[in-house]
Amino acid sequence: MEFFGLYNYWVFAVLLMIGLYTVMSKANLIKKLIGMSIFQSAVFLLYITMDKVEGGTAPILKPGVDGQIYSNPLPQVLILTAIVVGVATLALGLAIVVRISESYGTIEEDEVREIDRE
Amino acid sequence: MVVLFGLFLLTLLVITALGIVNADNLFAAVMLMGIFSLQMAAIFFVLDAADVALTEAAVGAGVATMLLLGALALTKDKEKRRRRRRWPAIVIVTVTTLMMIYATFDMPRLGDPQAPVHQHVAPWYLSETPKVIDIPNVVTAILASFRGYDTLGEVFVIFTAGVGVMFILANGSGNGRRTMVPSADSTGLRHHLVPRVVGRLLVPFIVLFGLYVQFHGEYGPGGGFQAGALISAGLILYALVEGEKEALRAIPLSVLVGMIAFGAFLFGAVGVVGMLFGGNFLDYSVLLSNPVAGQHLGIMLVELGVGITVTGVLLTIFHTIAARRKDH
C-alpha cells in the first residue's frame, strides 16, 4: 500500500495532461472548454489530495471528543469556492461560443479562421 | 478497503477522461463529463472533503451538464473528424506527464501527517475555531470569517460572470431577436408522463434540501455555495418540466437579476457595518455585544448573501441560454 501513496498525484498529472491535450489538439470550441474543465478538475484533485490526514475525518468538530484527527480544512475552502467560480466561467465561455456559432455558423476553430481570412 | 476504493475510482476517472477526449459526439462527451464529475465527488468524499463533494455533485454533475447541453442545443452536437497533426501535442503532453510523475516522488505520500501543508495555519484554524467562532464546521468558519476576503472576491467573480453572460447573450445579435423572453412553444416536458410526475415530486424536496444546507451549514457540511447550486438545480428541473415560461412566472427575471446584486451587496454591507461599529472590514465580532454571537450572526448573513448570489447567477445563466433560439 506504501507504493500507492503517490497514486493520487499520478492521476492528477495524467488528468491535467489529458485536459491540456484536448485544448491543444481539438478544433471544436466546446470540446476545448470541456478539456479546460478536465484540467481544472485535476487541479481540484491535487488540492483535495493534500488535505487528507491519515486516520482523519471531515473537519466538523464534535464537542466532547478528544484526540480525534481532522483533515486539513484550508484546501477544502479554496476548492469549494473554486468549483462554483469554475462553472460560472464555463458559462461565460459557452456564451461566447454560442455567439461565435451565430456569427460564423461553425464552432470549429480552423473554419472560423478561414472565414476571418477571407 | 477505503484505499482500494479510492484507487478504483481514480482509475475509473482516467478512463472516463480518455472517453471524453475520444468521443466525436459532443452529446456523449457532455454526458461523460457529468459522470466524471460524479466520480470526482465520490473521490472528494473518500478524501474527507464532505463540503467539496457536495458542491461538486450539485455543480459539476447538475448545473454544468445542464449548461453544456443548453450550449449544444444552440450549436452543433457533432465534432468534425479531421486529419490534423497531432504528434506535437502528444509528444509535449507525454513528456510533461513523465516529468510531473517524476516530480511527485518528492511529494509527501497521501495522508502523511508530517506534510508541510499540515504544519502552518491549519492546526491554528482547528484549535481556534471553537474558541473564537464556536461553530462545528471549520470549513464554514474559514470560508465566511477567517478568509472572508477570499470569499467576497469569489462572489464578485461569480457576479461578474453572470453579468457577462447576460451582456453577451441577452442583447440579441442584430437581427431583431430580443431573447430574454422565451418563445411560446416552450412547454417543457409537460406532455411526457414520467418526467412530469417524477419532476413534480422531486422539485420541492431538492429546494427544501437546498434551504437545509443553507441554514445548517454551520453545523454540518453545507453553506451558501452548495445551497445556491442545489436550489438552482431544483429550479432548473422545474423549468425543464414545466417550461421556461412557467418558471419565469414563478420567479421573474427581474427578481433573479436583483438577487445577483443583492447577495453580493449583503456580503459587502456586513463588512462595512463591522467597520462602522469600530472593527476591521469583515470583522463580525463587533456586530453584537457578545463577540461569538456576533460571529454567528455575521457568518449567517454572509452565507445568505453567497447563497442568494449563486442562485441568481446560475438561474439567470440558465434562462439566458435557454431563451436563445437556434435559427435555421
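Structure: see above.
Residues numbered from 1 in each chain as written. Chains lettered and ligands numbered in written order. Predicted model: local features only at pLDDT ≥ 70, side-chain atom pairs only at ≥ 80, totals over all residues. Heavy atoms only, no water.

A. Region of the structure containing the pattern of salt bridges. By the definition in use, this model includes eleven salt bridges over all chains. Residue K32 of chain A is joined to E109 of chain A by a salt bridge in which the shortest nitrogen-to-oxygen separation is 3.7 Å. With K32 of chain A in helix 2 (residues 29-51) and E109 of chain A in helix 4 (residues 109-117), this pair connects stretches of sequence that are 77 residues apart. Overall, the relative accessible area of 15% leaves K32 of chain A in the buried class. Overall, E109 of chain A belongs to the partly exposed group, its relative accessible area being 24%. A salt bridge links R324 of chain B to E102 of chain A; the nearest nitrogen and oxygen atoms lie 2.6 Å apart. In this pair, R324 of chain B is assigned in the segment after helix 12 (291-323) and E102 of chain A in helix 3 (residues 73-104), connecting two distinct chains. Under the relative-accessibility criterion, E102 of chain A is labelled partly exposed at 24%. One salt-bridge network, in which partners are shared between bridges, spans K32, E109 and R113 of chain A. (Salt bridge = Lys/Arg side-chain N within 4 Å of Asp/Glu carboxyl O. Helix = DSSP H or I, 4+ residues; strand = E, 2+ residues; numbered from the N terminus. Buried < 20%, exposed > 50% of the residue type's maximum accessible area, 1.4 Å probe, protein only.)

B. Quick look at the layout of surface pockets. Residues and elements named next belong to chain B. Estimated volume of the second largest pocket: approximately 330 Å³. G70, A73, E244, A322 and R325 are, among the 14 residues lining the second largest pocket, the residues nearest its centre. Elements supplying a minimum of two residues to the lining of the second largest pocket: helix 3 (50-74) and helix 12. When residues in the lining of the second largest pocket are grouped by element, the largest group, six residues, is from helix 3. Residues of the lining of the second largest pocket, tallied by class, amount to nine nonpolar, one polar and four charged. (1 Å grid on protein atoms, 1.4 Å probe; cavity = no way out; pocket = protein on both sides within 12 Å on 5 of 7 lines; lining within 4 Å. Points joined across faces, edges and corners; volume = space filled by probe spheres on them. Nonpolar A, V, L, I, M, F, W, Y, C, P; charged D, E, K, R; others polar.)

C. Representation of empty space enclosed by the protein in the model. In total, this model carries four cavities of 30 Å³ or more according to the counting rule given. Taken as a whole, the largest cavity holds about 190 Å³ of empty space. In this structure, the largest cavity is lined by 18 residues; those nearest its centre are S37 and Q40 of chain A together with S37, G60 and A64 of chain B. Taken together, the elements giving at least two residues each to the lining of the largest cavity come down to helix 2 and helix 3 of chain A together with helix 2 (26-46) and helix 3 of chain B. Counting residues per element, the lining of the largest cavity draws most heavily on helix 3 of chain B, which supplies six residues. The class makeup of the residues in the lining of the largest cavity is nine nonpolar, eight polar and one charged.

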